2 protein chains.
Amino acid sequence: MNSRFMTRAIELAKKASAEGEVPVGAVVVKDGKIIGEGYNMREQKKNALSHAEIEAINAACKTLGDWRLDNCTIYVTLEPCPMCAGAIINARISEVVFGAYDLNMGCMDSVSNIAALPFAAETTVYGGIKEDECKKILTDFFEGVRK
Amino acid sequence: MNSRFMTRAIELAKKASAEGEVPVGAVVVKDGKIIGEGYNMREQKKNALSHAEIEAINAACKTLGDWRLDNCTIYVTLEPCPMCAGAIINARISEVVFGAYDLNMGCMDSVSNIAALPFAAETTVYGGIKEDECKKILTDFFEGVRK
């Protein structure tokens, strides 16, 4: 784990916010290099699948030309929802580092823990990394929406 | 629920099988019409995300020009994995009809039940529809692989 990659995920989340999207950013890292990144684009792409993690995994699979992302780490500013948690496990990503907890949809600790199921035995999860900064981007965004 | 849509999902699964993919097929239906369909393309697309349900949801979002697939039903030959179960809920699909149970990865009954979590309160799931036929396509495929 290297917190500078979370800094990049936070930059991406801010980009999402500037484009009117719920601000979540993600990067996939292998051997100390970013091989895929993305941010939430659900509204722009009009697609329920376009969460930050899915965008980043998609990009990483393209970079490697492989659906297997073994020995990769994903850094994401918000705890993965069930779709993204499942995508991470399907792609065989070894390590998940997330920022803010998601008490409504989070499925790597908060509401449920998909990473604790038998098929996810190879996946290690670290939550609450740069938590305050990741949370603040979301709080600021939703306060802005309310105004 | 209309079993003729499961018949189409089975056709799609057979197409996957003929292309050397683990045979799973899916269709998204709204107002009695197919608005998106797909089959597992993980090997061909070299992408961990390319499950049948994801392909079908992607196509349906494009058809409607909306990430919300309210009042839609998805028919899929195999119980959804966590990624696909989560994608179905994120897309607000109302009804899930699946064929064979997946005792290794199934997250709408077998290993876990994501549809039973509070955020999935609007989603109804019917499992084991045309179960034998859906199961046989998979059994035949894996027997072929072993030979």
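Residues numbered from 1 in each chain as written. Chains lettered and ligands numbered in written order. Predicted model: local features only at pLDDT ≥ 70, side-chain atom pairs only at ≥ 80, totals over all residues. Heavy atoms only, no water.

1. Considering the overall build of chain A
No. 1: Scanning chain A from N- to C-terminus turns up five helices and five strands.
No. 2: Listing each helix as α and each strand as β along chain A from the N terminus yields α-β-β-α-α-β-α-β-β-α.
No. 3: Here the C-alpha atoms of chain A give a radius of gyration of 14 Å, agreeing with the 15 Å that 2.2 N^0.38 yields for 147 residues.
No. 4: Burial statistics for chain A: of 147 residues in total, 54% are counted as buried.
No. 5: In chain A, of all internal contacts separated by at least 6 residues, the share reaching a separation of at least 24 is 57%.
No. 6: Accessible surface computed for chain A: about 6400 Å², of which carbon and sulfur atoms make up 47%.
No. 7: Distance between charge centres in chain A, computed from 17 positive and 20 negative side chains, equals 5 Å. (Helix = DSSP H or I, 4+ residues; strand = E, 2+ residues; numbered from the N terminus. Rg over C-alpha atoms; globule rule 2.2 N^0.38 Å. Buried < 20%, exposed > 50% of the residue type's maximum accessible area, 1.4 Å probe, protein only. Contact = heavy atoms within 4.5 Å. Areas by Shrake-Rupley, 256 points an atom, 1.4 Å probe, with all protein chains shown as cover. Lys, Arg positive; Asp, Glu negative; His and termini not counted. Charge placed at Lys NZ, Arg CZ, Asp CG, Glu CD.)

2. Structural notes on the relation of the copies chain B and chain A
No. 1: Superposition of chain B onto chain A requires a rotation of 180° combined with a translation of 0.0 Å along the rotation axis, giving an RMSD of 0.0 Å. What the superposition gives is, in effect, a two-fold axis relating one chain to the other. Looking at the rotation axis and the C-alpha trace of chain B, the residue lying nearest is Met83(B), at 2.0 Å.
No. 2: A symmetric contact is evident, with 100% of the interface residues of chain B recurring at the interface of chain A. (Least-squares fit on C-alpha atoms with pLDDT ≥ 70 in both.)

3. Considering the pattern of salt bridges
Residues and elements named next belong to chain A.
No. 1: All chains considered together, the criterion is met by twelve salt bridges over all chains.
No. 2: Salt-bridge contacts for Arg68 lead to Asp66; the nearest nitrogen and oxygen are separated by 2.8 Å.
No. 3: Here Arg68 falls in the partly exposed class, since its relative accessible area comes to 30%.
No. 4: With relative accessibility at 25%, the residue Asp66 sits in the partly exposed group.
No. 5: Each of the salt bridges in this network shares a partner with another, and the network as a whole consists of Arg8, Glu11 and Glu37. (Salt bridge = Lys/Arg side-chain N within 4 Å of Asp/Glu carboxyl O.)

4. Concerning the environment of Ile89(B)
Residue and element names in this part refer to chain B.
No. 1: Within the secondary structure layout, Ile89 lies in helix α4 (residues 82–90).
No. 2: Sequence separation between Ile89 and Cys72 is 17 residues, and the spatial gap between their C-alpha atoms is 11 Å.
No. 3: Dropping the residues within four chain positions of it, Ile89 is found in contact with Met108, Ile114, Ala115, Phe119, Ala120 and Thr123.

5. Some details on helix α5 (residues 131–146) of chain B
All names here are of chain B.
No. 1: Taking 1.5 Å of rise per residue, 16 residues should cover 22 Å, and α5 covers 23 Å from first to last C-alpha, within 8% of that figure.
No. 2: Inspection of α5 places Cys134, Ile137, Leu138 and Phe141 among the buried residues, and these make up the whole buried set. For α5, the arc enclosing every buried residue in end-on projection is 85°, short of the 170-degree limit, so these residues lie on one face. Exposed and oriented more than 90 degrees from the buried face of α5 are Asp132 and Arg146.
No. 3: Where the residues of α5 are buried, they touch α1 (3–18), β3 (72–78) and β4 (95–100). (Expected span 1.5 Å × (residues − 1). Arc of directions from axis to C-beta.)

6. A few points about the packing of aromatic side chains
Residue and element names in this part refer to chain B.
No. 1: In this structure the tally under the stated criterion is six aromatic pairs over all chains.
No. 2: Arranged with centres 5.3 Å apart and planes meeting at 80°, the rings of Phe141 and Phe142 form a pair that is edge-to-face.
No. 3: Look at Phe141 and you get buried, because its relative accessible area is 12%.
No. 4: Take Phe142: its relative accessible area is 35%, and that puts it in the partly exposed class. (Phe/Tyr/Trp six-rings, centres within 6.5 Å; stacked < 30°, edge-to-face > 60°.)

7. A few points about the sheet that holds strand β1 (residues 25–30) of chain B
Residues and elements named next belong to chain B.
No. 1: If you trace the five strands from one edge of the open sheet to the other, you get β2-β1-β3-β4-β5, paired in mixed fashion. Lying at the two open borders of the sheet, with one neighbouring strand each, are β2 (33–39) and β5 (124–126). Strand-to-strand twist across the sheet, computed as the mean angle between neighbouring axes with direction ignored, equals 15°.
No. 2: In the sheet, β3 pairs with β4 via five bridges, with the strands oriented parallel. In the strand pairing of β4, Thr73 is matched with Glu95.
No. 3: Each of β1, β2, β3 and β4 is contacted by α1, which is oriented at about 150° to β1, the strand it contacts most. (Pairing = 2+ DSSP bridges. Axes fitted to C-alpha atoms, helices over the stretch in contact; angles between N-to-C directions.)

8. Section: the sheet that holds strand β4 (residues 95–100) of chain A
Residues and elements named next belong to chain A.
No. 1: An order of β2-β1-β3-β4-β5 is seen for the five strands of this open sheet, with the pairing classed as mixed. Of all the strands in the sheet, just β2 (33–39) and β5 (124–126) have a single pairing partner and so form its edges. The sheet shows a mean angle of 15° between the axes of neighbouring strands, taken without regard to direction.
No. 2: As paired strands, β4 and β5 are joined by three bridges and run parallel to one another. If you follow Val96 over to β5, its bridge partner there is Val125.
No. 3: Each of β1 (25–30), β2, β3 (72–78) and β4 touches helix α1 (residues 3–18); the most contacted strand, β1, lies at about 145° to it.
No. 4: Contacts from helix α5 (residues 131–146) reach β3 and β4, with the element oriented near 60° to β4.

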